[in-house]
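Structural overview
So the chains spell out like this:
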Amino acid sequence: MIEIEHVRKSFGQLEVLKGIDLTVSKGEVVTIIGGSGSGKSTLLTCINGLEPIDSGRILIDGTEVHAKSTDLNKLRRKVGIVFQQWNAFPHLTVLENVTLAPRKVLGMARAEAEEIAVRQLTHVGLGDKLKTYPGRLSGGQQQRMAIARALAMSPEYMLFDEVTSALDPQLVGEVLDTLKMLAQEGMTMILVTHEMAFARDVSDRVAFFHQGVMAEIGPPQQIFGDPQHPETRKFLSSTRQ
Amino acid sequence: MFDTALTTADFVFLAKGAGMTIVVTIISVIAGTVLGIVFGVIRYQLGAIWAAPLIFVLDIFRSIPLLIQLVLANAFMGTILRLNMSGFTVACIVLSMYTAAYCAEIVRGGIEAVPATTRRAARSLGMSWGQDMREIVLPLATRVALPSWIGLALGVMKDSALVYVVQVTELLRSTQILITRLQEPLLLLMICGAFYFVISFPLARFGGYLEKRWSND
């Protein structure tokens, strides 16, 4: 379970998170939507401790992420994250990209790590690209590789930060299909996305962020069918145009 | 074609000088690169303010002519520290520091060229700072820094000609000795130049080979 309690976070004078409360249970898929600058991406990087927070706390299975005593490297094995920019390791082949962390962080033997990597890469449809360098892959393929790389650590939670935003339109579908598949398999996921149809499709709950505040959260039917907050209505009507 | 007094023994003498140039260069470049990586990482990690003392020391080694450094270091080791150090040791120490000072900046530039987002991805997979450095940052920085590093290594090889001031007889010094004796400066300098070329060429080609190989990534 991920518990986010009264989290506040500023970059200099700019307060990007103004007291966020959100609890995500095991197996749940929560999508965060909202305009740019609403703080949704920042929240994700706070959840796995890549960004410090100013106040409040975030608990992952009871472990406080930002406590001094917390071993973040250990905690991050549980929480995978995939970013808008896929961030492939360009000097490693696709297979090596995926086996690196299991070998170095989990201390897995090469053979075992490769077995897992091949399985994950096949899963995301890259089983025939094992020896290829990322530079030779399309954006969509690199993004799916990044997903396989995160999954190879057998995380219990996955965070997706606008993973289709930097992709050419024709490549968005293949990545969304991969995410859909993960959701159906029961992975606990928090996704920040601009793909409204997708959010409606896969989410258990949809949260709408506006200027650092979670203005509204509810099942997708309610958020998309009968939004309560005026800003939600405004945002959704603007995205439909 | 040439009417020369040059004998096989003289040739062997030159080759020995070339051997000394190679040995001094290899020791200095290896030691200087290892130190340069350490200094470069510290310099990057601490930032310009906290690393100021280090930057200052490295600047000294970069801005004072090597010839002066060699003479002063030799005098310092012998007269002040009263260490019974050979000219060869002094030469290797000074050239290593000289190399390290340049290498540190090359390393820092290479590290800065690695995108922060790539490092963030590595850390998000649970990799520690050290693992990120070893597995991601340094390999990628190496690719960026290689051409400058090859230039540095070739420069150090040629600069090593100056170690004659601490009584080390390397290639150029050997040539000068022969010139004094045989009075055939042009021929001897051509041979000396050819020796330098033969030493440099493999390194330059090796750099080119690595660049080409890595560009396939």
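Residues numbered from 1 in each chain as written. Chains lettered and ligands numbered in written order. Predicted model: local features only at pLDDT ≥ 70, side-chain atom pairs only at ≥ 80, totals over all residues.

With 100% of its residues at a pLDDT of at least 70, chain A reaches an overall mean of 91. Considering each helix and strand of chain A separately, the mean pLDDT is smallest for helix H6 (residues 169-184) of chain A, with a value of 87, and largest for helix H3 (residues 94-104) of chain A, with 95. (pLDDT = per-residue confidence, 0-100. Helix = DSSP H or I, 4+ residues; strand = E, 2+ residues; numbered from the N terminus.)

Let's shift gears to the interface of chain A and chain B. Listed as interface residues are 20 residues of chain A and, on the opposing side, 18 residues of chain B. Broken down by element, the side of chain A that touches chain B gets its largest block of residues, three residues, from H3 of chain A. A per-class count over the side of chain A that touches chain B returns 10 nonpolar, six polar and four charged. (Contact = placed C-beta atoms within 7 Å. Nonpolar A, V, L, I, M, F, W, Y, C, P; charged D, E, K, R; others polar.)

Among the nonpolar cores identified, the biggest contains 121 residues, and Ile47, Ala148, Leu159 and Phe160 of chain A together with Ala91 of chain B are the most heavily contacted of them. In terms of residues, this core owes the most to one element, helix H4 (residues 87-112) of chain B, which gives 15 residues. Beyond its immediate sequence surroundings of up to four residues, Ala91 of chain B is in contact with Val24, Leu70, Val163, Val166 and Val168 of chain B. (Core = buried A, V, L, I, M, F, W, Y, C linked by C-beta atoms within 7 Å. Buried ≥ 20, exposed ≤ 12 C-beta atoms within 10 Å, placed from the backbone.)

Below, the discussion takes up the environment of Val163 of chain B. Residue and element names in this part refer to chain B. Checked against the element boundaries, Val163 lands in the loop between helix H6 (129-159) and helix H7 (171-182). In sequence terms Val163 and Cys103 are 60 residues apart; their C-alpha atoms lie 20 Å from each other. Discounting residues that sit within four places of it in the chain, Val163 has contacts with Val24, Leu70, Ala91, Val168 and Glu170.

Residue and element names in this part refer to chain B. For the pair H7 and helix H8 (residues 185-214), the least separation of the axes is 9 Å and the interaxial angle reads 165 degrees. Classified by the interaxial angle, the pair formed by H7 and H8 is roughly antiparallel. The crossing of H7 and H8 is right-handed. Taking contact as the criterion, the partners of Leu171, Leu172, Thr175, Leu178, Ile179 and Leu182 in H7 are, on H8, Pro185, Leu188, Leu189, Cys192, Phe195 and Tyr196. Here the residues of the contact of H7 with H8 sort into 11 nonpolar, one polar and no charged. (Axes fitted to C-alpha atoms, helices over the stretch in contact; angles between N-to-C directions. Parallel < 35°, antiparallel > 145°, perpendicular 65-115°, else oblique. Left-handed = near helix turned anticlockwise from the far one by under 90°.)

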